[in-house]
Amino acid sequence: MLQATPLTEGWILRHEGGELPAVVPGCVHTDLLAAGAVPDPFLGRNETDLAWVGRRDWTYETELPPVDGHEQTDLVFDGLDTVAEILLDGQLLGRTRNMHRSYRFDVTGMAGRLAVRFVSAYAEAEAVRGKLGERPAAYAEPYQYLRKMACSFGWDWGPTLVTAGIWRPVRIERWSTARIARVRPLVTVGEQGLGVVELAVEVERARVEAPLRVEASVGGVRAIASLDGTEGVVRLEVPDVGLWWPRGYGEQPLYDVELTLLHEGRPLDVWRRRVGFRTVELDRSADAHGTGFTLVVNGERLFARGVNWIPDDVFPSRITRERYRERLGQAAGAGVDLVRIWGGGIYESEDFYDACDELGLLVWQDFPFACAAYPEEQPLRGEVEAEARENVVRLMPHPSLVLWNGNNENLWGFRDWGWEARLAGDSWGEGYYLGVLPRVVAELDPTRPYTAGSPWSGSWEHHPNDPAHGTHHSWEVWNREDYAEYRGEVPRFVAEFGWQAPPAYATLARALPGEVLAADSPGVLHHQKADDGNGKLRRGLERHFAFPEGDFDRWHYLMQVNQARAVAAGIEHWRSHWPVCAGTVVWQLNDCWPVTSWAAIDGDGREKPLYHELRRLYADRLLTVRMRGRKLVLAAVNQAGEPWAGVLRLRRMSVDGKVIDETELNFRAARRTVTDVTVAPELVPVGPKEFLVADAGGDGGVDRGAAVGADTGWGSAAGTDREGNAGAGRGSDKKAGAGAEADMGRDPGTEAGTDTAADAETGAGAGQDAGTRPGGLRALYFPSPDREIPYPRPEFDVAVVPGAVTVTARTLVRDLLLQADRLDPAARADRGLVTLLPGERVTIGVSGWKTPDPDAARSALYCLEPSR
């Protein structure tokens, strides 16, 4: 039987004659940090002090003892970052140049000093650039010249910390006769619930003539097949399989698959995985609105409620199984059902996909190409195909994986960012996205759809970022326009959009020790990587609020409000246009270090108010107020599997708490549909002193995001990317999305349904608890920008008991927020922004606060105040 021995002990890191103890898996930076040789690059401006690390060569060494008892011994590296030569007792075993591949070397009968010599990634990239010529990119760093995690060279949310090291496990494998080299599982669902697993097996032989067979089992079914040479196929048919569903649509049954390689009845090697039975299609049919982009799982058409995922740490070797589970559990808790692994990162570890399988999170996997023209000549071309073949097969068992995507923004960049003229005919990656990668996926994994890029309209007949065709990245908003402009178009699928905000206060305080925090203090600016990021934050805020000059705490709070409002404006609008729009993927879920960014969860794992807003926005049922043409309507969005029926209570109110007019009416939304209810003219608020409150009673429908949370404890077609890099929108078609009627009345001041008041009490009686009616949702509509609204001076009472803070409003209290981390860095609140009418109260759960105190709680409560 094959024997695998991890090679984790006795490693040292050598550089310029010195040596340090090393941890494998790991990287140079983490070993230097552990030895106290460098400061923490996440703190202050230390990042710049570590720039030298990525420009040096490094060597890892250990002793490889003699081994015997088997016919062959292999040295196996699951990941080397990136350009290295491997020597054993002075003999060269091989060279590597791809972080995204594994490597195997025959070391039979060998022993001695094992050395892995890493060349600076900069040196390799510059050598390749010198050989193949300059290629344009969104950033100055040379990440497109080698197969390495691009964002280790920095991004508009990440530090420049160019790594080297043995970043994934290494082991010794000893075997005789033969071993399993690869198993490619094709999992399908046939007629009448028949589950089919075809295992295409490849073996490596030490003895060519030895007869071999394989035995496989799944779901109580067993099958046997003989191997002719080095390949064979074993087929298993499982009757009445349980279907694997995305979360919120059904269960996630997983089946253990085991395949054993045998010689004369003796087991030689074994392969074990878990699979799930489900079908997946990508409907890209042309229709009256353009070209669709709708995921269909088990025949059910989905509105994808997604987030973009970046590496959760700039040093990926530090991400544990538990950390993956925590972060993805947070995603599920926010109502997310799709996670896009962005193309500037990595193919994640098995731990990531295992968690998604269990949580019912669909995975959209980018191939690792982002924001650059990539040469297609050798040595890169062969590496790209080898990497794709390995990872497609590696990830095939996971039912959560539903889509392969060729790249991030490179097709768009070629057309819209001035690349085409600069390239002057040089290769730039098109041959990968429209040639190599779809060929590999079609050959190896025909059960999953492939799309050439994001954004991508499906062909060069349309602008790559045309909102009417395929996927769309919406970055004019943020870079130049107010978030009200989201309501001006209805893309078929919004794969990127977002708005920045700083991390939690405690995260900033930890990352910037000793600094007097200010919006423009040195450390805060260093931890803002976007081009003119703070300028865009300010301009975006000033469209709605008076800028709080010199008041960091107010600045910090208002930026959180603006981020949540911006994302809500987009999601509410696009969800209300289902099925024309079939998904939103927020940029972004997570951060890789403490930074001002688009993330909903900051670099220390703290949830921003945006996170809690996503719980409302991505719940099965959403109530939102919209302008349809010249009419004000309530859209009842019902993504649940059951009808939603109940009573709508509409109140036209003044900011001083008086009810000007009100009515009640019945509504009904069928499953997976949107129902519009026109607001009567007499209930439409007029001027800055009035607003509309819409409360929907219900039939007890489950808030899908909250339920799971309890269990799991760039631009538009106008041509700018997230940084605002522009090509003046050549060939763009900035029409109202996809030919659907976009929402008009996009006054930047219109604040429609963007408050996390989804759980607020439907009645305004004194002392009523917010969120007491089962299935009740609330939407608010303010026709004027906040800076014009004469909000009353907020008055509220605060009561504290262990584990909770209760706030009772005596006036209108808009966008109330308890910043629990100001109470204690370990404290967490269970909700974000909430608006209370006079007499309403809300109880906010607080964990990790050891010394509850009403005065401290009041000091950590923020809300909107009258303009000064």
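Residues numbered from 1 in each chain as written. Predicted model: local features only at pLDDT ≥ 70, side-chain atom pairs only at ≥ 80, totals over all residues. Heavy atoms only, no water.

Caption draft 1: Layout of the overall build of the protein chain. Within the protein chain one finds 16 helices and 46 strands. For the protein chain, whose C-alpha radius of gyration is 28 Å, the value lies close to the compact-globule estimate of 29 Å for 868 residues. Each principal axis of the C-alpha atoms in the protein chain carries an extent, and together these give about 90 × 65 × 60 Å. With 868 residues in all, the protein chain has 63% of them scored as buried. Summed over its atoms, the accessible surface of the protein chain is roughly 29,000 Å², and 48% of this surface lies on carbon and sulfur atoms. Once the 96 positive and 126 negative side-chain charges of the protein chain are each reduced to a mean point, those two points are 2 Å apart. (Helix = DSSP H or I, 4+ residues; strand = E, 2+ residues; numbered from the N terminus. Rg over C-alpha atoms; globule rule 2.2 N^0.38 Å. Buried < 20%, exposed > 50% of the residue type's maximum accessible area, 1.4 Å probe, protein only. Areas by Shrake-Rupley, 256 points an atom, 1.4 Å probe, with all protein chains shown as cover. Lys, Arg positive; Asp, Glu negative; His and termini not counted. Charge placed at Lys NZ, Arg CZ, Asp CG, Glu CD.)

Caption draft 2: Highlighting the sheet that holds strand S21 (residues 294–297). Spatially, S18-S21-S22 is the arrangement adopted by the three strands of the open sheet, whose pairing is antiparallel. A single partner strand is all that each edge strand has here, and the edge strands are strand S18 (280–283) and strand S22 (300–301). Pairing of S18 with S21 involves four bridges; the strand directions are antiparallel. The residue of S21 that forms the bridge with Leu 282 is Leu 295. (Pairing = 2+ DSSP bridges.)

Caption draft 3: Structural detail: the pattern of salt bridges. One pass over the structure, following the stated rule, counts 72 salt bridges. A salt bridge links Arg 325 to Glu 358, with the nearest nitrogen and oxygen atoms 2.2 Å apart. Of this pair, Arg 325 sits in helix H3 (residues 321–333) while Glu 358 sits in helix H4 (residues 350–359), and the two are 33 residues apart along the sequence. Linking Asp 797 and Arg 810 is a salt bridge whose minimum nitrogen-to-oxygen distance equals 3.1 Å. Here Asp 797 is found in strand S40 (residues 796–801), whereas its partner Arg 810 is found in the loop between strand S41 (804–809) and strand S42 (813–818), with 13 residues between them in sequence. What makes Arg 810 partly exposed here is its relative accessible area of 47%. Taken together, the shared-partner salt bridges connect Asp 74, Asp 78, Arg 104, Arg 171, Glu 173, Arg 179 and Glu 204 into one network. (Salt bridge = Lys/Arg side-chain N within 4 Å of Asp/Glu carboxyl O.)

Caption draft 4: Inspection of the sheet that holds strand S46 (residues 861–862) at higher detail. Across the sheet, which stays open at both edges, the three strands sit in the order S44-S42-S46 with antiparallel pairing between neighbours. For this open sheet the edge positions go to strand S44 (834–836) and S46, each flanked by a neighbour on one side alone. Sheet analysis places S42 next to S44, joined by two bridges and oriented antiparallel. Each residue of the ladder has a partner; that of Val 813, found in S44, is Leu 836.

Caption draft 5: Representation of the environment of Leu 836 in the model. Mapped onto the elements, Leu 836 comes out in strand S44. Residues Leu 836 and Ser 867, 31 residues apart in the sequence, show an inter-C-alpha distance of 19 Å.

Caption draft 6: Focus on the pairing of strand S13 (residues 212–218). Among the seven residues that make up S13, five are buried, leaving the element largely enclosed by the rest of the structure. Bridge count for S13 against strand S14 (residues 221–227) is seven bridges, and the pairing is antiparallel. Residue pairing across strands places Leu 212 opposite Leu 227, the latter belonging to S14. Hairpin geometry of S13 and S14 is characterised by an intervening segment of two residues between the two adjacent antiparallel strands and by a positive phi of about 55° at Gly 219.

Caption draft 7: The arrangement of the packing of aromatic side chains in detail. Taken as a whole, this structure holds 45 aromatic pairs when the rule is applied. Centroid distance Phe 367 to Tyr 450: 6.4 Å. Interplanar angle 55°. Geometry classified as tilted. Placement of Phe 367 in the loop between strand S25 (362–366) and helix H5 (380–395) and of Tyr 450 in strand S27 (residues 450–451) is noted, with a sequence separation of 83 residues between them. A relative accessible area of 0% means that Phe 367 is categorised as buried. Ring centres 5.0 Å apart and planes at 80° place the aromatic pair Trp 456 and Trp 460 in the edge-to-face group. Given a relative accessible area of 6%, Trp 456 falls into the buried group. Here the basic side chain of Arg 147 rests over the ring of Phe 369, its NZ or CZ set 4.2 Å away from the ring centre. A cation over an aromatic ring shows up here: Arg 822 above the ring of Tyr 505, its NZ or CZ 4.1 Å from the ring centre. (Phe/Tyr/Trp six-rings, centres within 6.5 Å; stacked < 30°, edge-to-face > 60°. Lys NZ or Arg CZ within 6 Å of the ring centre and 35° of its normal.)

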